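What follows is each chain in one-letter form.
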Amino acid sequence: MEEINALFQGFAVALTPFNVMLMFVGILLGVVIGVLPGLGGANGIAILLPLTFTMPPTSAIIMLSCIYWGALFGGAITSVLFNIPGEPWSVATTFDGYPMAQQGRAGEALTAAFTSSFIGAFVAVVMITFLAPLVARFALEFGPPEFFSVYFLTFCSFVGMGKGSPFKIVAAMMLGFALAAVGMDTVTGQLRLTFGFTDLMRGFDFLVAVIGLFGIGEILLSMEEGLSFQGRAAKINPKIVIETWKQLPKYWVTSVRSCVIGCWMGITPGGATPASFMAYGVAKRMSRDGQKFGTGQVEGVVAPETAAHAAGTSALLPMLSLGIPGSPTAAVLLGGLLIWGLQPGPLLFVEKKDFVWGLIASMYLGNIAGLIIVLTCVPLFAAILRVPFSIIAPIIVVICAIGAFTVHNAMLDIWFMLLFGVIGYVFKKLDYPMAPMVLALVLGDRAEDSFRQSMLISQGDLRVFFSNWLVGGIMALGLLLLFWPLIGKVFSSRRTHAMA
Amino acid sequence: MSTQAPTPGDDGQAVSMHTMESVVAAQLFAIGASVAYSSWNIGARWADDGPQAGYFPFYIGVIICACSLVILLQAVTGRLGENKSFVDRGPLRQVMSVLMPATFYVLGIQLIGIYVASAIYITVFMVWLGRYSWLRGLVLGVAVSVVAFVMFEVWFQVPLFKGSLFNPLGFLGY
């Protein structure tokens, strides 16, 4: 019951007029960011991060996390009305959402999408409320080897659960680690990989990488696809909302299943995008109406939206309790914590109770505020998309450039942003995953530090990573996931041999 | 970016998937090799006081090289799926029509600072690609810059880049 008390204290922190105002501002900004192509949760927050430096940390994170919820909601609007996913995690929502809009049931589809998003997020927040303090308490006992093993598990699970070529996943991830290593070595003070350029001493900031990869890269991709926004009109009135809500309880099995998939994929860094696809696929296979999926089934909207929001929200659990983000957006929030002078990780729950529980309470409130805003303001947001791309594109590039500059007040970072934009475009087309690269860039230094500290403790003996059941177990799980593509191949070839 | 296979018309492919895969894998290999080489030079061995500064990055460089070699081999032997088009000519032109102005825009920021460069960039982009009138483009371009100026310089007091060649807004005292 300790958690309930702490949560109520959190509500007291979050419910000041200033914070509630920031919540609404954040949600509104977030939905706009989610609706616009080229601006997403990760780079939107990265761009706005410097503006929050002067705010108190609790207010700042409330606003930034609300932008995140808003972006999660906003992705659904474009998917349903325009058949254009505003965010990668809402691709699966287009499959049934857009057909529904074509049949004139846009209001119904949007209500279903928003409501299931809300339910997914709510379940994930409840889970965070009770699980995160436990995980944090457990993690207080961790030493460097344990932390390295958790980092190791995080990165291996990208390989084990990723869909594309494992070599590309590892290559992208290692590129992130290499970029993280550029600059001053934190242990010896030596300069690494600067190749004689003094500007590189500072190293690459992942915020710049995020703005380039997801912002500029996305604009280039949208331009290539030659976007023309031919949207459906949407009207949501209370009658449609209530009628849709009446039929939603029918799909409770799908909801529960999607919540489980989402929470799992969010905690392990699978992320919202694979979670939404997986939930859609599973729902299609299990549902009685599976054959009709793709023609405008409410269930086909419920499944991916619930999972995407559950995953997007639960990605904050490892970020808060271990200091290890589960998604690029969580990584950006983590970067914010560091800038505000807070050390993410288990100690946060002990030393900064107000902050942590204020944030968790704001997750409840933010999602309620989000649901109200999106249900009432859909026509407004849809209007944004009718602004021609040739006006929106240059403005987004300008916003990205300003965002990249403000990270370190460095002109060179704007050039890097452009470079990362091209890399993002090419990587996206060649199926190199960007999430592991960004996470490696964020966590690279700390993963290396924990590795080197463990090595110092054990005097270079790698067996320290198998010295007790906990660290050994996590490492073994990591190795299993790392070689999962290989193991899977062996199994499937055996099965085909047996069949033949 | 290299353009190959000159086929007439707008639909021909500019670059094939396998070419692009090979080029990217080769570049990754070069990056991995230089990371490993540079780390080796600052010491990638085990000293008395633990791993040297280059220890971790050295192996990262080695892993990048190994992975990129496998990808390169897969691309050359055609095991990466069918050899589709990476980008067709028409879409490539579209992409370039965003990338080129963006590059000039960043160059502009470098020379004359963010505000004036942004106004020019938005105006030119709208007139050139969106076929808007000069007046409309100029109004929006200047408006965005003014909003950014007021927000950053005046309100949040975060100074943005003013240009290394000369500062056109110097007369404002910022």
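Quick caveat: nothing in here was measured; it's all calculated off a predicted structure. (Residues numbered from 1 in each chain as written. Chains lettered and ligands numbered in written order. Predicted model: local features only at pLDDT ≥ 70, side-chain atom pairs only at ≥ 80, totals over all residues.)

### Remarks on the overall build of chain B
What counts is decided by this rule: Runs of H or I in DSSP of at least four residues are treated as helices and runs of E of at least two as strands, each being numbered from the N terminus. In this description the radius of gyration comes from C-alpha coordinates, and the expected globular size is given by 2.2 Å times residues to the power 0.38. Using C-beta atoms placed from the backbone, we call a residue buried if 20 or more other C-beta atoms fall within 10 Å of its own, exposed if 12 or fewer do, and partly exposed for counts in between. Once C-beta atoms have been placed from the backbone, residue pairs whose C-beta atoms lie within 7 Å are recorded as contacts.
Of regular secondary structure, chain B possesses 5 helices and 4 strands. Scanning chain B from its N terminus toward the C terminus, one meets helices and strands in the order β-α-β-β-α-β-α-α-α. Its C-alpha atoms give chain B a radius of gyration of 24 Å, more than 25% over the compact-globule value 16 Å for 174 residues. Along the three orthogonal principal directions, the C-alpha set of chain B runs to about 60 × 60 × 25 Å. For chain B, the proportion of its 174 residues judged to be buried stands at 36%. In chain B, the share of contacts with a sequence separation of at least 24, taken over all contacts with a separation of at least 6, comes to 61%.

### Quick notes on the overall build of chain A
Helix and strand counts for chain A come out as 22 helices and 2 strands. Whereas a compact globule of 500 residues would reach a radius of gyration of roughly 23 Å, chain A reaches 22 Å, a difference of no more than 12%. Dimensions of chain A, computed from C-alpha atoms along their principal axes, come out at roughly 70 × 60 × 50 Å. Expressed as a percentage of the 500 residues in chain A, the buried residues total 62%. Restricting to contacts in chain A with at least 6 residues of sequence separation, those with at least 24 account for 80%.

### Points about the nonpolar core
Our working rule: When buried Ala, Val, Leu, Ile, Met, Phe, Trp, Tyr and Cys residues are joined through C-beta atoms within 7 Å, the set is termed a nonpolar core. For each domain, the first and last residues come from an automatic or database assignment.
Core analysis: the biggest nonpolar cluster contains 234 residues, and Ala171, Val210, Ala401, Met417 and Val438 of chain A have the highest contact counts within it. Element by element, the count of residues in this core is highest for helix 4 (residues 57-82) of chain A, at 17 residues. Lining this core are residues from two domains, each supplying at least three of them: domain 1 (13-83) and domain 2 (89-172) of chain B. In this structure Met417 of chain A touches Val208, Ile211, Gly212, Ile216, Cys400, Ala401 and Ala404 of chain A, once residues within four positions along its chain are discounted.

### Re the environment of Ile47 of chain A
Residue and element names in this part refer to chain A. Structurally, Ile47 can be placed in helix 3 (residues 41-48). Taking the C-beta count within 10 Å as the criterion, Ile47 has 25 such neighbours and is therefore assigned buried. Along the chain, Ile47 and Ile211 lie 164 residues apart, while their C-alpha atoms are 7.2 Å from each other. When residues no more than four places from it in sequence are discounted, the contact partners of Ile47 are Ile211, Ile399, Cys400 and Gly403.

### With respect to the domain arrangement of chain B
Examined at the domain level, chain B breaks down into domain 1 (13-83) and domain 2 (89-172). Between domain 1 of chain B and domain 2 of chain B, the C-alpha centre-to-centre distance is 37 Å.

### Let's talk about unusual backbone geometry
All names here are of chain A. Phi at Leu193 is positive, roughly 50°, even though this residue is not glycine. Relative to the helices and strands, Leu193 is located in the loop between strand 2 (191-192) and helix 9 (206-224). On the basis of neighbour counts, which here come to 24 C-beta atoms within 10 Å, the residue Leu193 falls in the buried class. Its identity is not glycine, yet Asn409 carries a phi of approximately 50°, on the positive side.

### With respect to the confidence of the model for chain B
Let me state the cut-off plainly: pLDDT measures how confident the predictor is about each residue, on a scale from 0 to 100.
Averaged over every residue, the pLDDT of chain B is 85; the share at 70 or more is 91%. Here residues 1-9 of chain B scores under 50 on pLDDT; set against residues more than four positions off or in separate chains, the count is 7 contacts.

### Focus on the interface of chain B and chain A
Interface size is often expressed as the accessible area that is lost when the parts come together. Under the convention used in this document: When residue character is reported, Ala, Val, Leu, Ile, Met, Phe, Trp, Tyr, Cys and Pro are called nonpolar, Asp, Glu, Lys and Arg charged, and the others, Gly included, polar.
Each side of the interface is counted separately: chain B has 52 residues, and chain A has 47 residues. Elements supplying a minimum of two residues to the side of chain B that touches chain A: helix 1 (17-42), strand 3 (50-51), helix 2 (55-76), strand 4 (85-88), helix 3 (89-112), helix 4 (114-128) and helix 5 (134-155) of chain B. At 11 residues, helix 3 of chain B tops the list of elements feeding residues into the side of chain B that touches chain A. Counted by class, the side of chain B that touches chain A contains 40 nonpolar, 11 polar and 1 charged residues.

### Re helix 4 of chain B
This is how it is decided: Expected span of a helix: the number of residues minus one, times 1.5 Å.
End to end, helix 4 of chain B covers 20 Å across 15 residues, agreeing with the expected 21 Å (1.5 Å per residue, within 8%). Burial analysis of helix 4 of chain B places 11 of its 15 residues in the buried class, which makes it a mostly covered element. What helix 4 of chain B keeps buried is the set Ile114, Tyr115, Val116, Ala117, Ser118, Ala119, Tyr121, Ile122, Thr123, Phe125 and Met126 of chain B. Looking at the buried residues of helix 4 of chain B, the elements they touch are helix 18 (389-408) of chain A together with helix 3 and helix 5 of chain B.

### Brief notes about the environment of Ala14 of chain A
One can find Ala14 of chain A in helix 1 (residues 2-14). Along the sequence, Ala14 of chain A and Thr58 of chain A sit 44 residues apart, while their C-alpha atoms lie 8.1 Å from each other.

### Section: the environment of Leu64 of chain A
Residues and elements named next belong to chain A. Here Leu64 shows up in helix 4. For Leu64 and Gly44, which are 20 residues apart along the polypeptide, the C-alpha to C-alpha distance reads 9.2 Å. Filtering out sequence-adjacent residues up to four positions away, Leu64 remains in contact with Gly26, Ile45, Leu48, Thr52, Leu333 and Gly336.

### What to know about the packing of helix 4 of chain A against helix 17 (residues 353-385) of chain A
Note the following rule: Note on geometry: axes are lines fitted to C-alpha atoms, helical ones only across the stretch in contact, with angles between N-to-C directions running from 0 to 180 degrees. The hand of a helix crossing depends on one turn: near helix anticlockwise from the far one by less than a right angle means left-handed, and clockwise means right-handed.
Contact geometry of helix 4 of chain A with helix 17 of chain A gives a least axis separation of 7 Å together with a crossing angle of 35°. Judged by the twist between their axes, the crossing of helix 4 of chain A over helix 17 of chain A is right-handed.

### Re the packing of helix 8 (residues 166-181) of chain A against helix 2 of chain B
Two numbers describe a pair of packed helices, the interaxial angle and the distance between the axes. Rules: Roughly parallel refers to an angle under 35 degrees, roughly antiparallel to one over 145, roughly perpendicular to one between 65 and 115, and oblique to any angle outside these ranges.
Here helix 8 of chain A crosses helix 2 of chain B at 150°, and the two axes come no closer than 9 Å. In terms of orientation, helix 8 of chain A lies roughly antiparallel with respect to helix 2 of chain B. Taken as a pair, helix 8 of chain A and helix 2 of chain B cross one another with a handedness that is left-handed. Contacts between helix 8 of chain A and helix 2 of chain B involve Phe167, Lys168, Val170, Ala171, Met174, Leu175, Phe177, Ala178 and Ala181 of chain A on the former and, on the latter, Phe56, Pro57, Ile60, Gly61, Ile63, Ile64, Cys67, Ser68, Val70 and Ile71 of chain B. A class-by-class count of the residues in the contact of helix 8 of chain A with helix 2 of chain B yields 16 nonpolar, 2 polar and 1 charged.

### Remarks on helix 5 (residues 91-102) of chain A
Residue and element names in this part refer to chain A. Counted at 1.5 Å a residue, the expected span for helix 5 with its 12 residues is 16 Å, and the 17 Å between its end C-alpha atoms agrees. For helix 5, the tally of buried residues reaches 10 of 12 residues, placing the bulk of the element in the interior. Within helix 5, burial applies to Ala92, Thr93, Thr94, Phe95, Asp96, Gly97, Tyr98, Pro99, Met100 and Ala101. The secondary structure elements touched by the buried residues of helix 5 are helix 4, helix 6 (106-139), helix 12 (272-286) and helix 13 (298-314). With its phi angle positive at about 80°, Gly104 sits one or two positions after the end of helix 5.

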